[in-house]
Amino acid sequence: MAMHQRHPSGISRKKVQVSFVVRDEVERYHRSGINSLQFDPINSRLYSACRDSIIRIWNTKNIKDPYIQSMEHHTDWVNDIVLCCGGRNLISASSDTTVKVWNAYKGFCMSTLRTHKDYVKALAYAKDREQVASAGLDRSIFLWDVNTLTALTASNNTVTMLNLSGNKDSIYSLAMNHCGTVIVSGSTEKVLRFWDPRTCQKLMKLKGHTDNVKALVLSKDGTQCVSGSSDGTIRLWSIGHQRCIATLRIHDEGVWALQANESFTTLYSGGRDRKLYMTDLRNPDSRELICEESAPILKLSMNAEQQTMWVATTNSCINNWSIKPSGNEEDSTEMDYERPLYTQPKMTIKGGTSIRQYHVLNDKRHILTKDSEGNVALWDVSTACKLEDLGRADFEEEIKKRFKMIYVPHWFTVDLRTGMLSIHLDESDCFAAWVSAKSVGMRLNDGSDPKLNFGGLLLQALLSHWPRTQPEEEPLQDGAVYNVNGSGERVSTNYCFNVPGHTPVIFSEVGGRTLFRLLAKDAGRETETLGLSDTLPMWVVDITVLKQMPKFNKIPFYLFPYPAAGIKSVKKDRLSASDMLQVRKVIEHVYEKIIGAGSDAGSQTGSTHNSTTANSAQEQKSDTERDPLSMLPAAEEKVELLCQDQILDPNMDLRTVKHFIWKSGGDLVLHYRLLR
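Every value quoted in this text rests on a predicted model; they were computed, and no experiment measured them. (Residues numbered from 1 in each chain as written. Predicted model: local features only at pLDDT ≥ 70, side-chain atom pairs only at ≥ 80, totals over all residues. Heavy atoms only, no water.)

Colleague: When you look at the sheet that holds strand β33 (residues 385–391) in this model, what are you seeing that I'm missing?
Modeller: Strand pairing in a sheet relies on backbone hydrogen bonds. The paired strands run either parallel or antiparallel. Ordered by their spatial adjacency, four strands build an open sheet running β30-β31-β32-β33, and the pairing between neighbours is antiparallel. Each edge of the open sheet is held by one strand with a lone partner, namely β30 (355–360) and β33. Going from strand to strand, the sheet's axes swing by 25° on average, the running direction of each strand aside. Examined bridge by bridge, β30 and strand β31 (residues 366–371) share five bridges and lie antiparallel to one another. By the bridge assignment, H359 is partnered in β31 with L368. (Pairing = 2+ DSSP bridges. Helix = DSSP H or I, 4+ residues; strand = E, 2+ residues; numbered from the N terminus. Axes fitted to C-alpha atoms, helices over the stretch in contact; angles between N-to-C directions.)

Written out as structure tokens, the structure reads:
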């Protein structure tokens, strides 16, 4: 599904990056930490917002298989979610800078709000007024009317909002009471700022914390507030008296999650120390350790009726813990604080593995990864697929095992932020990697060896369902369509690579906000077609629609006789050729043009000029135009090429020679030597 609000063409002058995610068609399990939870007691549904960019819905009554569906539309961490309208709708906030409105029952995105200019970190909800507030790293707080948001459509997407100004630092926490009379924000400014959302008037600023305020809860009547901070303390504030009335030093490290009961008498807290505490706000010295999680706690969501707490952590699992007190009314001792009431959760929603480490192989097509459970896998970037699960193999040994002395320029970057492989293509280096078809295992029926551009062909594959990219030429028998690029070389412009239709394709400003997201298979739908036409930069259109492949990369070099060979040096000319040119082509040039064998031009040993090696006569002839029994074997039997006194393999190309053997700045220097 594409985003409902489109950027008009030309609205962004920033450079546009193309990204895609290598993943399964249905991602049933969280791949990373879970930032937020919302429990719907009426339908026994749990909504979880994950750092893998996906919101998932769970049936908490089905212990064996709780998964219902995934809500996919964000392109970065989902940082917070709130259920509203009696559970009919869900609002989400993400690091992709958007706020989204969802149909919670059916799980689809209804509209996208692009008002924020940076990560949106927190939401607050006043259920009596159906009002939502959003805030984040851009220091802004926006107030939205939920009924207006749920009425938005693709054609009617204009919405007005109120802006609460005055924050001086990035906002990480937000809270609003049920009737919408008070809103409070916490930030890296280390203070709490209060407003009246009805008038947008500033009420007060309360100081006390010494680090980022990461969690907030307000009492129903808006008279009291509890804050949790990275400084490790919890503070209880009287809003009427504008002061801190209690400081709780319960946790050993930062406090990241708070939850209070309806009467605001019991507080539940968790954070970096992985411990979930229950504290009586009427008597803060009375507290109990409910449980200890296996990872830092990020969010709490209570099921008051069953007296349980859903706990989200930086791991991908969600646990449901009993929060029934011990019943011991006597004062707890310090030892009691460290003895958890419960050691096993009542229910666990299983999570998936997260990719933690990667290595791009030398062919710049395959990637080895290692996940959070130590499993190693091999992936193919060009087809957006996993090739092989290698189990708990030695990661470093697998890298060594697959090493090849071949150099292909970097043409993509890898991002593991969501726990999955995200591949980014930028205009500056996307087209740097030219390879021959044979070198990547392609054998064409006519015996030719056209040159392939990894980035160009992958872009074509990602947008192959877009009607504007469909080729008008009739394909040849091998299924390929060929063009001639700016260097006069035959190059493939067909969809040599195929990516799964479920692959998410994302267009975004470099280092900035997402402009458009779609699944590869949906590019032919009307909404997506219009969105692509509005969003695609010209460098992508040139490749995918106009089939204008870029020119080859050139490499300059010098060619001299080996110093000890006793051959008189010819004129010192700076030569140039495609960086994919094989050493055997240079050997052939030496044999034919310089040594003078097999050619009438043998006497013209001094006539070698810039860009005249294989770039002219050799480079523009295909392998099928040569007699395989004629010159090449004879040339390789008579001449060898050296670099840094190392004899070169005729199959090696110039860029590999420069990267692995020359290893120096300046132009590559090659020497030739006659074989006796």
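Colleague: Please explain unusual backbone geometry as it appears in this structure.
Modeller: Backbone phi values are negative for most residues with the exception of glycine, while trans is the configuration of most peptide bonds. Although it is not a glycine, R274 sits at a positive phi angle of roughly 75°. Secondary-structure assignment places R274 in the loop between β23 (266–271) and β24 (275–280). For R274, a relative accessible area of 33% translates into the label partly exposed. Despite not being glycine, K547 has its phi angle at roughly 55°, a positive value. (Buried < 20%, exposed > 50% of the residue type's maximum accessible area, 1.4 Å probe, protein only.)

Colleague: Explanation requested: the pattern of salt bridges in the structure shown.
Modeller: Any two side chains of opposite charge can pair, on the condition that their charged atoms come close. Overall, the coordinates contain 28 salt bridges when judged by the stated rule. Here D280 ties to R282 by a salt bridge, and the two come within 3.1 Å at their closest N and O atoms. Here E640 makes a salt bridge to R673, at a shortest N to O gap of 2.5 Å. In this pair, E640 sits in strand β44 (residues 639–643) while R673 sits in strand β46 (residues 668–674), placing the two residues 33 residues apart along the sequence. Judged by its relative accessible area of 14%, E640 is buried. One salt-bridge network, held together by shared partners, links E388, E398, K401 and R402. (Salt bridge = Lys/Arg side-chain N within 4 Å of Asp/Glu carboxyl O.)

Colleague: Honestly, helix α5 (residues 526–535) in this entry has me stumped. Any pointers?
Modeller: Because each turn of an α-helix spans 3.6 residues, side chains separated by three or four positions end up pointing in the same direction. Of the positions making up α5, those classed as buried are E528, G531, L532 and T535. Summarising the axial view, the buried residues of α5 lie within an arc of 100°, below the 170-degree limit, and thus occupy one face. Its buried side turned inward, α5 meets β40 (504–509) and β41 (514–519). (Arc of directions from axis to C-beta. Contact = heavy atoms within 4.5 Å.)

Colleague: I'm lost on the nonpolar core in this one. Help?
Modeller: Note that soluble globular proteins tend to have their nonpolar side chains buried in a common cluster. Ranked by internal contacts, the top residues of the largest apolar core, which has 55 residues, are F412, I423, L425, F507 and L532. With six residues, helix α4 (residues 454–462) is the single largest residue contributor to this core. Ignoring anything within four residues of it in the chain, the contact list for L532 reads L463, W466, F507, F516, L518 and A523. L575, V639, I661 and L668 belong to the second largest nonpolar core, which has 29 residues in total. (Core = buried A, V, L, I, M, F, W, Y, C linked by side-chain atoms within 4.5 Å.)

Colleague: I keep staring at the packing of aromatic side chains and nothing clicks. Help me out?
Modeller: The tally for this structure, following the rule as stated, stands at nine aromatic pairs. Seen from their ring centres, F431 and W539 are 5.9 Å apart, and the 75° between their planes marks the pair as edge-to-face. Of this pair, F431 sits in the loop between β35 (421–425) and β36 (434–436) while W539 sits in helix α6 (residues 538–544), and the two are 108 residues apart along the sequence. Residue classification places F431 among the buried positions, given a relative accessible area of 14%. On the basis of relative accessible area, W539 is assigned to the buried category, the value being 8%. An angle of 10° between the planes, with centres 6.0 Å apart, marks the rings of Y558 and F560 as stacked. When its relative accessible area of 17% is taken as the criterion, F560 is described as buried. An aromatic cluster of at least three residues, connected via ring pairs, comprises W411, F412, F454 and F497. Taking the ring centre of Y29 as reference, the NZ or CZ of K350 above it sits at 5.7 Å. (Phe/Tyr/Trp six-rings, centres within 6.5 Å; stacked < 30°, edge-to-face > 60°. Lys NZ or Arg CZ within 6 Å of the ring centre and 35° of its normal.)

Colleague: Honestly, the sheet that holds strand β9 (residues 108–113) in this entry has me stumped. Any pointers?
Modeller: The strand order across the open sheet built from four strands is β6-β7-β8-β9, with neighbouring strands paired in antiparallel fashion. If you trace the sheet from one side to the other, it starts and ends with β6 (78–84) and β9, each paired once. On average, each strand axis in the sheet is inclined to that of its neighbour by 25°, with strand direction left out of account. Pairing geometry for strand β8 (residues 99–103) and β9, over five bridges, is antiparallel. Looking at the pairing, V101 lines up with S111 of β9.

Colleague: Just checking my understanding: could you explain the pairing of β40 for this structure?
Modeller: On any regular strand, side chains alternate: one points to one face of the sheet, the next to the other face. Buried residues dominate β40, accounting for six of its six residues. Going residue by residue along β40, you find P504, I506 and S508 tucked away on one face and V505, F507 and E509 tucked away on the opposite face as well. Where strand β1 (residues 16–22) meets β40, five bridges bridge the pair, whose relative direction is antiparallel. Bridge pairing links V18 to F507 in β40. The sheet contact formed by β40 and β41 spans five bridges and is antiparallel. The residue of β41 that forms the bridge with I506 is R517.

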